[in-house]
Amino acid sequence: MTAFVASFLHLESQELVKYLLRETGHLHRGQVNPKDLLDYLKLKYLRFDFMTELPKEAKETFVGTTPRAMISFHDRLVATDVSLNPARTTFSVLHEVGHYILPHHQNTLYVCDRKGMSFGTHLLFEREANEVAADLLFLGDRFDLESNSRPVSAGTVRTLACQFGASFEATARRIAERSYRDCMLVCFSNTSSAIIDAPQNLQWNVHYCIPSASFANRFFQKLNSGSVPENVFAALSEEGRDIERSERGELPIVYHADLQPRRFNAEFFYNRYNVFCFLTPTGGV
Ligand SMILES: [Zn+2]
C-alpha cells in the first residue's frame, strides 16, 4: 500500500498577504505603502536605468523584451526600472515582494520583464507573483467591499484606481473579477500597425475577457471575436478626453447557437493603450 504523504501546514498566498498587511499596519489604511512592506521584510529598494546599469549577463537574457524589476535574495535588494510610471512602479515592487514571500520562490535572483508581469502570462511563478501583487495593491478584501457598493462603470474604475494607487487596467479587471453582480470586462487591443495606419483606421479586436463568476455562470465565459465600433473609438480618442467619459450603448451578442442574440448594455472606455468595455445584462445589474 502506498504511504500517505503529509506536509507541513501550507500557507496559502492569500493568508500570507493578510498577515503581511496586518503586520505592516495596513488594516486601516486607504492605500498600500510599498515602503512599509519592504522595511518590514528588511529589503532595500533602488530605482535605476536597467538598460545601462544591469550587469551584462542579466541583460543578455532579455533580448527582445524589457526588464522592469528585479529582486536579489542575497543582497536583499528590490529594484525597478526608472522608465516605469508610479502605478507600474508600485505594482512591480509588490510583484517582487510576491517572489520574496512565496515559499517555493526562494531563488538567488529574479529579473522580471514586461511580458512576465503582464496579465495572462503563462509563466507560473510570474503569475503567482502577480496575484500576490494585486492582492497587496487592493488590500485583500477591502477592494471587493468598495467596488461592490458602487456601479460597474468607468467612473468607478477612475475613482478606485486613484484611491488604491493602481492602474486603470488592473482596477477594471479587479472590478469584474470580484463582482457579485453579472458583468464582464472586455479588453480590446489594437491589432493593426500604427506605423502604416492612421489612428482613425486602427482595428480594436477582443484581446481578453474577465467575467464575474455569476456572469460566466449565467451567460458566457468570453467573446471569441468582435471589435470596437469605429464611431465609438472616434469619440473615445478625442484629444484630452478623460477615461470616465465613456460611450454607452447596447450590443447584440450571440452566445448560444439555438438562441436569438441577446442585448447587453455596453460601456466603452479608453486608457490610451487599450479600449475596454463593461458588459452588463439589459434591465440592470
Ligand atoms: Zn517576477
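The text that follows walks through the structure, step by step, so that each part is easy to find. Bear in mind that the values here come from a model prediction, so they are computed numbers and not experimental data.

1. Brief notes about the overall build of the protein chain
Move 1: Across its full length, the protein chain holds eleven helices and nine strands.
Move 2: Dimensions along the principal axes, computed over C-alpha positions, put the protein chain at roughly 60 × 55 × 45 Å.
Move 3: A buried classification covers 46% of the 285 residues belonging to the protein chain.
Move 4: Of the roughly 15,700 Å² that the protein chain leaves accessible, carbon and sulfur atoms contribute 53%.

2. Here's the deal with the coordination of the zinc ion
Move 1: At the metal site, the zinc ion is ligated by His95 (NE2), His99 (NE2), Cys112 (SG), Glu126 (OE) and Glu126 (OE), and these contacts range over 2.0 to 2.5 Å.
Move 2: Written as a sequence motif, the donor residues of the zinc ion are H-x3-H-x12-C-x13-E. With histidine 99 in helix α5 (residues 86–101) and glutamate 126 in helix α6 (residues 124–137), this residue pair connects regions lying 27 residues apart in the sequence.
Move 3: What makes histidine 99 buried here is its relative accessible area of 0%.

3. Focus on the packing of aromatic side chains
Move 1: Under the criterion given, the structure shown has 21 aromatic pairs.
Move 2: Ring centres of phenylalanine 188 and phenylalanine 268 lie 6.0 Å apart, and the angle between their planes is 40°; this geometry places the pair in the tilted category. Residue phenylalanine 188 is located in strand β5 (residues 184–190), and its partner phenylalanine 268 is located in strand β8 (residues 262–270); the two are separated by 80 residues in the primary sequence. For the residue pair phenylalanine 188 and phenylalanine 268, the accessibility class agrees, reading buried in each case.

4. A few points about α5
Move 1: Between the first and last C-alpha of α5 there are 23 Å, a value that for 16 residues agrees with the 22 Å anticipated at 1.5 Å per step.
Move 2: The element α5 is largely enclosed, with a buried count of 13 among its 16 residues.
Move 3: Where α5 starts, the residue carrying a side-chain oxygen 3.2 Å from the main-chain nitrogen of alanine 87 turns out to be asparagine 85.

5. Brief notes about the packing of α5 against α6
Move 1: Running from N to C, α5 and α6 cross one another at 115°; their axes reach a closest spacing of 7 Å. In this structure, the crossing between α5 and α6 has a hand that is right-handed. Every residue of α6 that contacts α5 at Thr90, Phe91, Leu94, His95, Val97, Gly98, His99 and Ile101 is listed here: Phe125, Glu126, Ala129, Asn130, Val132, Ala133, Ala134, Leu136 and Leu137.

6. Quick notes on the pattern of salt bridges
Move 1: Tallying each qualifying case throughout the model produces 16 salt bridges.
Move 2: A salt bridge links aspartate 135 to arginine 174; the nearest nitrogen and oxygen atoms lie 2.9 Å apart. Here aspartate 135 is found in helix α6, whereas its partner arginine 174 is found in helix α9 (residues 168–177), with 39 residues between them in sequence. There is no split in this pair, since aspartate 135 and arginine 174 are both buried.
Move 3: Between arginine 178 and aspartate 144 there is a salt bridge, with the nearest N and O atoms lying 3.0 Å from each other. In this pair, arginine 178 is assigned in the loop between α9 and β5 and aspartate 144 in helix α7 (residues 142–148), connecting sequence segments 34 residues apart.
Move 4: One connected set of salt bridges, linked through shared partners, spans Asp135, Asp144, Arg174 and Arg178.

7. Describing the side chain of histidine 95
Move 1: When you line up the elements, histidine 95 lands in helix α5.
Move 2: Looking at histidine 95, its side chain comes within polar contact range of the side chain of glutamate 126, at 3.4 Å.
Move 3: In this structure histidine 95 touches Cys112, Met117, Glu126, Ala129, Asn130 and Ala133, once residues within four positions along its chain are discounted.

8. Looking at the environment of alanine 166
Move 1: Looking at the element boundaries, alanine 166 is found in the loop between α8 (154–164) and α9.
Move 2: Each residue touching alanine 166, except ones within four places of it in the same chain, is listed here: Ala87, Leu137, Phe138, Ala161 and Thr171.

9. Considerations on the environment of leucine 20
Move 1: Here leucine 20 shows up in helix α1 (residues 13–23).
Move 2: With relative accessibility at 3%, the residue leucine 20 sits in the buried group.
Move 3: If we skip the residues at most four places from it in the chain, leucine 20 touches Leu37, Tyr40, Leu41, Val97, Ile101 and Leu136.

10. Regarding the packing of α8 against α9
Helix packing for two helices is described by the angle between their axes and how far apart those axes are.
Move 1: At a closest axis distance of 9 Å, the pairing of α8 and α9 adopts a crossing angle of 115°. Taken together, the axes of α8 and α9 lie roughly perpendicular to each other. The crossing of α8 and α9 is right-handed. Residues Thr156, Val157, Arg158, Leu160 and Ala161 of α8 lie in contact with α9, whose contacting residues are Phe168, Thr171, Ala172 and Ile175.
Move 2: Residues belonging to the contact of α8 with α9 are distributed by class as follows: six nonpolar, two polar and one charged.

11. Remarks on the sheet that holds β5
Move 1: Strand order in the open sheet formed by five strands is β6-β5-β9-β8-β7, and the pairing between neighbours is antiparallel. Each end of this open sheet is capped by a strand with a single partner; those strands are β6 (204–211) and β7 (247–253). Strand-to-strand twist in this sheet, taken as the mean axis angle between neighbours without regard to direction, amounts to 30°.
Move 2: Bridge count for β7 against β8 is seven bridges, and the pairing is antiparallel. Bridging from a neighbouring strand, glycine 249 pairs with alanine 266 of β8.
Move 3: In this fold α9 packs onto β5, β6, β8 and β9 (275–281), with an angle of close to 45° to the strand it touches most, β6.

Procedures and definitions
- Residue positions are given per chain, counting from 1 as you read along its sequence in written order.
- With pLDDT at 70 or above as the cut-off, local features in this predicted model cover only qualifying residues; side-chain atom pairs require 80 or more to be listed or tallied, and sums for whole chains, interfaces and linings still use all residues.
- Water and hydrogen atoms were dropped before computing side-chain values, which therefore reflect all heavy atoms in the structure.
- Numbering goes from the N terminus for both helices and strands, where a helix is a DSSP run of H or I of at least four residues and a strand is a run of E of at least two.
- Only protein chains enter the accessibility calculation, which uses a 1.4 Å probe; a residue whose area is less than 20% of its type maximum is buried, one above 50% is exposed, and one in between is partly exposed.
- Surface exposure here means Shrake-Rupley accessible area, sampled with a 1.4 Å probe, where a residue is shielded only by the protein chains that are shown.
- Ligating atoms shown are N, O and S within 2.8 Å of the metal, or 3.2 Å for Na, K and Ca, and water is not included, meaning a site may look less than complete.
- In summary, the pairing rule links any two rings of Phe, Tyr or Trp, Trp by its six-membered ring, whose centres are within 6.5 Å, and it sorts them by plane angle into stacked for under 30 degrees, edge-to-face for over 60 and tilted for everything else.
- To estimate the expected span of a helix, count its residues, drop one, and scale the result by 1.5 Å.
- Nitrogen and oxygen atoms within 3.5 Å of one another constitute a polar contact, given that in protein one can donate a hydrogen and the other can accept it, and given that sequence-neighbouring residues count only through two side-chain atoms.
- For helices, the axis comes from a line fit to the C-alpha atoms of the stretch in contact; other axes are also lines fit to C-alpha atoms, and the angle between any two N-to-C directions lies between 0 and 180 degrees.
- Note on convention: the crossing is left-handed when the near helix lies turned anticlockwise from the far helix by less than a right angle, right-handed when the turn is clockwise.
- Contacts were defined at the residue level, with two residues in contact if any of their heavy atoms lie within 4.5 Å.
- Salt bridge, as used here, is a side-chain nitrogen of Lys or Arg placed within 4 Å of a carboxyl oxygen of Asp or Glu.
- Each angle gets one of four labels, with under 35 degrees taken as roughly parallel, over 145 as roughly antiparallel, 65 to 115 as roughly perpendicular, and the rest as oblique.
- Residue type decides the class: Asp, Glu, Lys and Arg count as charged, Ala, Val, Leu, Ile, Met, Phe, Trp, Tyr, Cys and Pro as nonpolar, and the leftover types, Gly among them, as polar.
- Two strands form a pair only when DSSP identifies at least two bridges running between them.

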